[in-house]
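One letter stands for each residue in the lines below.
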Amino acid sequence: MARPANRIINAKLVLLGDMGTGKTSLVLRFIKGQFFDNQEPTIGAAFFTQILSLSEATVKFDIWDTAGQERYHSLAPMYYRGAAAAVVVYDISSMDTFVRAKKWVEELQRQGNTNLVMALVANKSDLDPKREVQNEDAEQFAQENGMFFIETSAKTARNINNLFFEIAKRLARTLPPRTAGINLSSEKEEKRRKRFCCIG
Ligand SMILES: Nc1nc2c(ncn2[C@@H]2O[C@H](COP(=O)(O)OP(=O)(O)O)[C@@H](O)[C@H]2O)c(=O)[nH]1
Ligand SMILES: [Mg+2]
């Protein structure tokens, strides 16, 4: 029998991506098992929490679901700064949203947080007949940028739990057993902590 998890990881997770790609829908599907065809657009950002228990750790996610519109762009650093995980979402039926997703990844790379767990999410897989973005292209981009790639549908629930479980597993591998991803300590302390924490 699996032993109860003896580590608790507190991890800040941020969702980024164009408006309408399904960020809020992914979170609501994950947390509440719900989906709405007429999901209201997010204003600014929304906050959720969810706990996932793995055999190796219990991960408590603090989820920041951002709005995605360009006019809120200047607020984005507030949400991704200090994040332990970033989920960058595009809609497989819109090439524009993939282009935008790549921009988000470049912006995250510029922050230089090498411990950040990043996922590239190809959402709306149920819209395959309207597909504009090929998985091979996205997978290649993800690989080049040290991210993992996953295709989801908030509508059908495909891979939603897998997405968050995969993030939790990666966090359990890379993070120390204390609160992570929340910027409570100074940058200097953060650097020292990283030096000692994440071997292997
Ligand atoms: N067909 C389909 N529609 C989706 C999916 N996820 C979200 N949507 C729809 O896409 C629209 C935008 O979703 P929303 O979650 O508000 O996107 P956000 O702006 O990125 O938060 C809404 O009408 C949702 O119902 C999906 O997986 N498949
Ligand atoms: Mg939203």
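Here's a quick rundown of the structure. Given the structure is predicted, the values throughout are model-derived calculations rather than measurements.

**What to know about the nonpolar core**
Residues Leu 13, Ala 85, Ala 86, Val 88, Ala 119 and Leu 171 are the most contacted members of the largest nonpolar core, which totals 51 residues. Of all the elements, helix H5 (residues 160–174) adds the most residues to this core, at 7 residues. Non-local contacts of Leu 171, meaning those with residues more than four positions away in its chain, are made with Ile 9, Ala 11, Val 59, Ala 84, Ala 85 and Val 117.

**Some points on the environment of Val 59**
Locating Val 59 in the fold gives a position in strand E3 (residues 58–66). The class of Val 59 is buried, set by 28 C-beta atoms lying within 10 Å. Separated by 106 residues in the primary sequence, Val 59 and Phe 165 place their C-alpha atoms 9.5 Å from one another. Setting aside anything within four residues of it in sequence, one finds Val 59 in contact with Ile 9, Ala 11, Leu 52, Leu 54, Ala 168, Leu 171 and Ala 172.

**Let's talk about the sheet that holds strand E1 (residues 8–17)**
Spatially, the 6 strands line up as an open sheet ordered E2-E3-E1-E4-E5-E6, and their pairing is mixed. Every other strand in the sheet has two partners, leaving strand E2 (45–53) and strand E6 (148–151) as the edge strands with one partner each. For this sheet, the mean inter-axis angle between neighbouring strands, taken without regard to orientation, is 25 degrees. The sheet contact formed by strand E5 (residues 117–123) and E6 spans 4 bridges and is parallel. By the bridge assignment for E6, Val 121 is matched with Ile 150.

Rules used throughout
Residues numbered from 1 in each chain as written. Chains lettered and ligands numbered in written order. Predicted model: local features only at pLDDT ≥ 70, side-chain atom pairs only at ≥ 80, totals over all residues. Core = buried A, V, L, I, M, F, W, Y, C linked by C-beta atoms within 7 Å. Buried ≥ 20, exposed ≤ 12 C-beta atoms within 10 Å, placed from the backbone. Helix = DSSP H or I, 4+ residues; strand = E, 2+ residues; numbered from the N terminus. Contact = placed C-beta atoms within 7 Å. Pairing = 2+ DSSP bridges. Axes fitted to C-alpha atoms, helices over the stretch in contact; angles between N-to-C directions.

What is shown is where atoms sit, not what they do.
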